[in-house]
Amino acid sequence: MSAPSSSVAALLATVPGYTTGTWAIDPVHSEVSFSVRHLGIAKVRGRFDSFEGRIVLAENPLESSVTATVRTGSVSTGNAQRDEHVHGADFLDTRTFPEMTFASTGVRATDDGFLVDGDLTLRGVTRPVALALEVNGFGSGFDGNPVAGFSATAEINRSDFGVTAGPAGGAVGEKITISLEVEANRQ
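What you are looking at is a predicted structure, and each value in this text was computed from that prediction instead of being measured.

## A closer look at the overall build of the chain
Thinking step 1. Counting its secondary structure elements, the chain contains two helices and 11 strands.
Thinking step 2. Helices and strands appear in the chain in the N-to-C order α-β-β-β-β-β-β-α-β-β-β-β-β.
Thinking step 3. Classification of the 187 residues of the chain by burial places 42% in the buried group.
Thinking step 4. Summing over all exposed atoms, the chain offers an accessible surface of approximately 10,000 Å²; the carbon and sulfur share of this is 52%.

Here it is as structure tokens:
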């Protein structure tokens, strides 16, 4: 295991209590959400209610990893008619592709945080995606066990994953912003 570079060590110094180990994402206190432009003028937001993941924090954070699985059928946009369309073949095709997954391939330090590179698989298509990661902190949960908090965002192009949006394609933006708010429990 290699030691963190001086710039990574300085960045870690801004994260009091950095704790190595294996962490499980707590779905009760976490959120996987997205937004996309509609008609080029407004953002429509949605979320996934069923997901799980594992984070392994190494002593050198650049050697850390994350894996996550999201059940696509748990998508909710707050509108039943729109949700039905999003479940269908024009969008997520949740019957054929009940899960999307992310597996990290590397971690890079930036001036204000980290980038987690990885492979996102959606609708059977795997593409590289970089998550801009913010380490929010470490502490103790109500039961006294260690907890950690992270925020991450990424932008994907829906067409790269075969999401055509069908007849509504012209009304739905190509770029989708993915937002993650994660609380994790140390295993």
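Having seen the structure, we can now continue with the description.
## A look at the packing of aromatic side chains
Thinking step 1. By the definition in use, this model includes four aromatic pairs.
Thinking step 2. Seen in terms of ring centroids, Phe-34 and Phe-48 are 5.6 Å apart; in terms of plane orientation they differ by 45°. Their pairing is tilted. With Phe-34 in strand 2 (residues 31-38) and Phe-48 in strand 3 (residues 42-48), this pair connects stretches of sequence that are 14 residues apart.
Thinking step 3. Among the aromatic residues, ring-to-ring pairing joins Tyr-18, Trp-23, Phe-138 and Phe-150 into one connected group.

## Some thoughts on the pairing of strand 7 (residues 99-110)
Strand residues, when the strand is regular, have side chains that alternate between the two faces of the sheet.
Thinking step 1. Where strand 5 (residues 65-71) lies against strand 7, five bridges are found, and the strand directions are antiparallel. By the bridge assignment, Ala-68 is partnered in strand 7 with Phe-102.
Thinking step 2. Where strand 7 lies against strand 8 (residues 113-122), nine bridges are found, and the strand directions are antiparallel. Residue pairing across strands places Thr-110 opposite Gly-113, the latter belonging to strand 8.
Thinking step 3. Hairpin connection, strand 7 to strand 8: the antiparallel pair is bridged by two residues.

## With respect to the side chain of Ser-74
Thinking step 1. If you trace the backbone, Ser-74 turns up in the loop between strand 5 and strand 6 (75-76).
Thinking step 2. Engagement of the side chain of Ser-74 in a polar contact is seen with the backbone nitrogen of Asp-49, the distance being 3.1 Å.
Thinking step 3. Residues within four places of Ser-74 in sequence aside, it is in contact with Arg-47, Phe-48, Asp-49 and Ser-50.

## Topic: unusual backbone geometry
Thinking step 1. Positive phi values are uncommon outside glycine, yet Asp-93 reaches one of about 50°.
Thinking step 2. On the secondary structure map, Asp-93 appears in the loop between helix 2 (80-87) and strand 7.
Thinking step 3. Even without being a glycine, Arg-123 presents a positive backbone phi close to 55°.
Thinking step 4. By secondary structure assignment, the location of Arg-123 is in the loop between strand 8 and strand 9 (125-140).
Thinking step 5. On the basis of relative accessibility, which here comes to 16%, the residue Arg-123 falls in the buried class.

Parameters and conventions
- Residues numbered from 1 in each chain as written.
- Predicted model: local features only at pLDDT ≥ 70, side-chain atom pairs only at ≥ 80, totals over all residues.
- Heavy atoms only, no water.
- Helix = DSSP H or I, 4+ residues; strand = E, 2+ residues; numbered from the N terminus.
- Buried < 20%, exposed > 50% of the residue type's maximum accessible area, 1.4 Å probe, protein only.
- Areas by Shrake-Rupley, 256 points an atom, 1.4 Å probe, with all protein chains shown as cover.
- Phe/Tyr/Trp six-rings, centres within 6.5 Å; stacked < 30°, edge-to-face > 60°.
- Pairing = 2+ DSSP bridges.
- Polar contact = N/O pair within 3.5 Å; in protein donor to acceptor, adjacent residues only side chain to side chain.
- Contact = heavy atoms within 4.5 Å.

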